[in-house]
Amino acid sequence: MRKLLHSARRWLGAAGGSVDAWLSPNCRFDLLSFNSTAPVIEVNAGVSAPSLLSTVDGRWFSLPVGKASPVQSKLSLLSIPHGGYMSTSSLLFRRVDIMSISTADVRLVKGNLLPVTNLSCPFGYSFAYTFTLLPLYDPELEVKPYSCSSPFSANVPSCNAPAYSAFITCTSCPSNYISLKQGRADANQTWTIANTNSVQQRDEIQCKECPPQFIYKGAASIQAQTGYWFPPLPLLWQYYNWSWEDVILACPPSACQPATPFEFSDGVLQPDTSMCSTGRDMESKLCSMCLANHSTDLISKKCYSSSVVEQWPASTVVFLVFFSILILAYLVFLHLKPLGPQSPWLRIIVNYFSVVGLLHTSTDGGGGSLIVGGILRILSAFSSPISHSSPSLRLVLPGAQPIDVHLMEGVVSLCVGAVFAVSIAARWGLAKAAQRSQLRTRLLLGIFTLLLLSYSSISELVFSFLTCVDVPILDNITSSTAVLSMESRLWIHAEWQCWTAYVGWSVLLVFGLLFVFGFPLGLYIWQGLFPSNDRWMHRLHLRYSRLRRRSKGSAKQASGPSWSGVSVIYLLEGRLKAWYWDVLLFYRRALFALVFVFAPFGMVQQLLFVFLTVGFGGAHVYSHPYDSQLANLTETVSYVLLLFINILNFPSVSFLTNNVELTASTRTFLQHTVFAQSVLASAGLVLLALALACVYGWRLVQLVAVRVRRQQATRSTRTGRTCCRSVILETGKA
């Protein structure tokens, strides 16, 4: 294009005449990249001014610019510094009768100006077309009928006529400001009067300061930090009432950890980049859904591609069958096991595994169990280098979404408890009156045991449904000033509305909260009122009873409150030195779940985990709650392991919250910390296994020894009886 105009100018200078450049609206000049400081189209006047003309009146050719150099803050698409007089024909305006205007006031000719169309700037560049009128000597006004210089017959006030200049520019956003919108020329854009001489046609692009969740790379080039979700940026720029605080939202754990971070380059979304973790759908709110033909893994909650969705993977079927058999076997065990004091080892194991799972998930470590992955890493470390990806067993449930797996964790626990209660009720209905008391005790002990196993998953499920966030909703745009609307959605699954929108959900959550906090409190009150002088609630009740009787003038001795359940409290506290320890453990797990759900992801959350671990570990060391020294020592070591695993979370959190740049060396360091965490978590498993082997191995030895002694005693008794019979017979014969 520029060569054509330069040739025209050379011809114009040689011929001494004017040149008309006729351009068809069908012409299209695509500039994929423009890095020049010179204008794309430059029209300079020679003896007279050339004119740009269209083969169709008022219609422009197409000139889209793809991208520009990042250092270029301004591009020039059209430069006409001296365009001549408006009495000539042009693409920019309709001809003006020279007698109709006497001054260079652009307002007089505004109705004759034609808007620019079909020109577009790169993303991140605003469009501006400036048309200016200035007085310029016109020799044609010297002749009749104008006779501008004649003092007697002049028909115009002066020999100056309004001459125009025209400039079309693209201006980028300032440094550290971005826009995912293109400045475009549109026939519907209104003219803006800059001053009496100039008028502008503009298309602004809403430059916004780059938020801390983005890495700034240019006016329309950004890379998103991991852990956040936001609506489609090009669509977002069609709205006018939003801020970054409204639209950039923190994701639930493991939802927004993509393999390649989301990136726009010169306004174009880069392929294979995403806000969401692998297999999750960016179009779903907060990456809460899997992509089409993807299903959720039961262990890691990751979304994996399902080649044949209708068929169930063999590993999933085997796991579900094994898990069902395991639950059935445990229910049978609860029905048949002899009633005895609750083992401290169940408390230790459950508390260790529940905290390890939360610590692993709190660093967006979705990808399998930390302990299982650790064992696989340790086994593979001798044959291959440490891998950043965690080896894990995939148990994909066809058609399942992450929220389905999340619900299963709590619902399965409730279903198992319900099945156990129904089975005990059935036995109670068929049992004799003398056996019903024992069945009632077995029911209470079994429910307590199941709660020890499932309290963490139930409390986390209840807490996770409490958190709601305002999510931007991109409705159909019907005007140039579309208003962005917000809806309250569940944070754990933003495709669902907040629980406040449904009465049923509200009632369920109220009951859930009453259970999570009320059950340990009720247990504490029930245990505290047990008639024993080491319980402050019992002593307080006795004092209150004495004062009440004195006020009434009664001489009877004060007695404790009516209390029942001696056999049950023996089964619960039989191996505890601190009677309140179970309540403390329940609230410990509830507090960990509260921090996991409500504390902001990052350093604050991990510091709170450290505080809880140190606090409850110190309480354990101070109380020595179990009657077994081995159990006390084992749980002390488990607290130390949990503390170190927690501390090793800080490097991962620093990278995930983008406080530290992830380079090749830091990535290697992160891989080693994950490996160390896996070793520590697996060490805890080995420690618990050895402790259980020692305890129950010793019990087995004792049981065998008792049986041997019984057999020896039986033989001795039989030998003595035989000797006595022989003596009696000999005496009788004598």
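All of the points below concern the structure found in this document. Keep in mind that this is a model prediction, so the values were computed, not measured. In this numbering scheme, every chain counts its residues from 1 along its sequence in written order. Selection of residues for local features in this predicted model requires a pLDDT of at least 70, selection of side-chain atom pairs for listing and counting requires 80 or more, and totals for whole chains, interfaces and linings are taken over all residues. Here the side-chain values reflect all heavy atoms present in the structure, with hydrogen atoms and water set aside.

Notes on a nonpolar patch on the surface
Point 1. Candidates for patches are residues over 30% relative accessible area with no salt bridge; among them, like charges are joined within 9 Å and nonpolar side chains (Val, Leu, Ile, Met, Phe, Trp, Tyr) within 5 Å. The method behind every accessible area is Shrake-Rupley, applied with a 1.4 Å probe, and residues are considered shielded solely by the protein chains displayed. By convention in these notes, a salt bridge is any Lys or Arg side-chain nitrogen within 4 Å of a carboxyl oxygen on Asp or Glu. A contiguous nonpolar surface patch, about 520 Å² in accessible area, is contributed by Val503, Val507, Val510, Phe511 and Leu514.
Point 2. Strands are runs of DSSP state E lasting at least 2 residues, helices are runs of H or I lasting at least 4, and numbering of each runs from the N terminus. In this fold, Val507 is placed in helix H9 (residues 503-528).

A short note on the pattern of salt bridges
Point 1. Inspection of every chain in the model, using the stated rule, returns ten salt bridges.
Point 2. Residues Glu263 and Lys217 are paired through a salt bridge, measuring 3.4 Å at the closest nitrogen-oxygen approach. With Glu263 in strand E19 (residues 263-265) and Lys217 in strand E15 (residues 214-218), this pair connects stretches of sequence that are 46 residues apart.
Point 3. A salt bridge links Asp534 to Arg535; the nearest nitrogen and oxygen atoms lie 3.6 Å apart.
Point 4. Relative accessibility thresholds used throughout: buried, under 20% of the residue-type maximum; exposed, over 50%; partly exposed, between the two (1.4 Å probe, protein chains only). Under the relative-accessibility criterion, Asp534 is labelled partly exposed at 49%.
Point 5. Given a relative accessible area of 5%, Arg535 falls into the buried group.
Point 6. Within the structure, one salt-bridge network assembled from shared partners comprises Asp534, Arg535 and Glu573.

Focus on helix H7 (residues 402-430)
Point 1. For H7, built from 29 residues, the straight-helix expectation of 42 Å at 1.5 Å per residue is met to within 8% by its first-to-last C-alpha distance of 42 Å.
Point 2. Bending is quantified residue by residue as the angle between axes fitted to the seven-residue window ending at that residue and the seven-residue window starting at it. In H7, a bend of some 30° at Met408 exceeds every other bend along the element.
Point 3. Listed as buried for H7 are Pro402, Ile403, Val405, His406, Gly410, Ser413, Val416, Gly417, Phe420 and Ile424.
Point 4. Residues are treated as being in contact if the distance between any of their heavy atoms lies within 4.5 Å. On its buried side, H7 packs onto strand E21 (294-297), strand E22 (303-305), helix H4 (314-336) and helix H8 (433-464). Each residue after the first adds 1.5 Å to the expected span of a helix.

Comments concerning the sheet that holds strand E5 (residues 63-68)
Point 1. Here a strand pair is declared whenever DSSP counts at least two bridges between the two strands. Strand order in the open sheet formed by four strands is E2-E5-E7-E11, with mixed pairing between adjacent strands. With one partner strand each, in any of the chains shown, strand E2 (31-34) and strand E11 (182-184) form the two edges of the open sheet. Strand-to-strand, the axes of this sheet are offset by a mean angle of 25°, without reference to chain direction. Each axis is a line fitted through C-alpha atoms, taken for helices only over the stretch in contact, and angles between the N-to-C directions span 0 to 180 degrees.

Comments concerning the pairing of strand E4 (residues 51-54)
A regular strand carries its side chains on alternate faces of the sheet.
Point 1. Covered by surrounding structure in E4 are Ser51 and Leu53 together with Leu52 and Ser54, the residues of both alternating faces.
Point 2. Inspection of the sheet shows strand E1 (residues 20-23) paired to E4 by four bridges, in the parallel sense. Across the sheet, residue Trp22 finds its bridge partner in E4, namely Leu53.

Here we look at the nonpolar core
Point 1. In terms of nonpolar packing, the biggest core is built from 53 residues, with Tyr352, Phe586 and Tyr626 touching the most fellow members.
Point 2. Residue assignment for this core shows that the elements contributing at least two residues are helix H5 (344-361), H8, H9, helix H11 (566-573), helix H12 (581-598), helix H13 (603-623), helix H14 (629-647) and helix H16 (664-733).
Point 3. Per-element tally for this core: the top contributor is H12, with ten residues.
Point 4. Leu23, Trp60, Leu92 and Phe93 belong to the second-largest nonpolar core, a separate cluster that totals 41 residues. By nonpolar core we mean a set of buried residues, namely Ala, Val, Leu, Ile, Met, Phe, Trp, Tyr and Cys, connected to one another through side-chain atoms within 4.5 Å.

Considerations on a positive patch on the surface
Point 1. Where like charges cluster on the molecular surface, the positive patch consists of Arg539, Arg543, Arg546 and Arg550.
Point 2. Relative to the elements of secondary structure, Arg543 occurs in helix H10 (residues 536-552). Positive charges are assigned to Lys and Arg, negative charges to Asp and Glu, while His and the chain termini are left out of the count. By convention, the point assigned to a charge is CZ for Arg, NZ for Lys, CD for Glu and CG for Asp.

Some remarks on the side chain of His406
Point 1. With respect to the helices and strands, His406 occurs in helix H7.
Point 2. For His406, a relative accessible area of 5% puts it in the buried group.
Point 3. Discounting chain neighbours no more than four positions away, the residues touching His406 are Lys301, Glu460, Leu461, Ser464, Phe465 and Ile492.

Considering the state of the cysteines
Point 1. The disulfide criterion used throughout: a pair of cysteine sulfur atoms within 2.5 Å. The full count for this structure, using the stated rule, is six disulfides.
Point 2. Here Cys251 is linked by a disulfide to Cys256, with a sulfur-sulfur distance of 1.9 Å. Measuring the twist about the S-S bond at about -70°, one finds the Cys251-Cys256 disulfide to be left-handed. Each member of the pair, Cys251 together with Cys256, is buried.
Point 3. The disulfide bridge from Cys276 ends at Cys287, spanning 1.9 Å between sulfur atoms.

As for the packing of aromatic side chains
Point 1. The criterion for an aromatic pair is that two Phe, Tyr or Trp rings (for Trp, the six-membered ring) have centres within 6.5 Å, with stacked assigned to planes under 30 degrees apart, edge-to-face to planes over 60 apart and tilted to the rest. The tally for this structure, following the rule as stated, stands at 27 aromatic pairs.
Point 2. Ring centres 6.0 Å apart and planes at 35° place the aromatic pair Tyr330 and Phe333 in the tilted group. Taken together, the positions of Tyr330 and Phe333, both in helix H4 and three residues apart, correspond to about one turn of that helix.
Point 3. Since its relative accessible area comes to 45%, Phe333 is described here as partly exposed.
Point 4. Relative to Phe586, the ring of Tyr455 has its centre 4.9 Å away and its plane inclined at 65°; by these criteria the two rings are edge-to-face. Note that Tyr455 is positioned in helix H8 and Phe586 in helix H12, a separation of 131 residues in sequence. Of the two residues, Tyr455 and Phe586, both sit in the buried class.
Point 5. Here a set of aromatic residues connected by ring pairs shows up, and it is made of Phe214, Phe230, Trp237, Trp242, Trp244, Phe262 and Phe264.
Point 6. Our definition puts a charge over a ring when NZ of Lys or CZ of Arg is within 6 Å of the ring centre and also within 35 degrees of the ring normal. Over the aromatic face of Trp242 sits the side chain of Lys208, whose NZ or CZ is 4.4 Å from the ring centroid.

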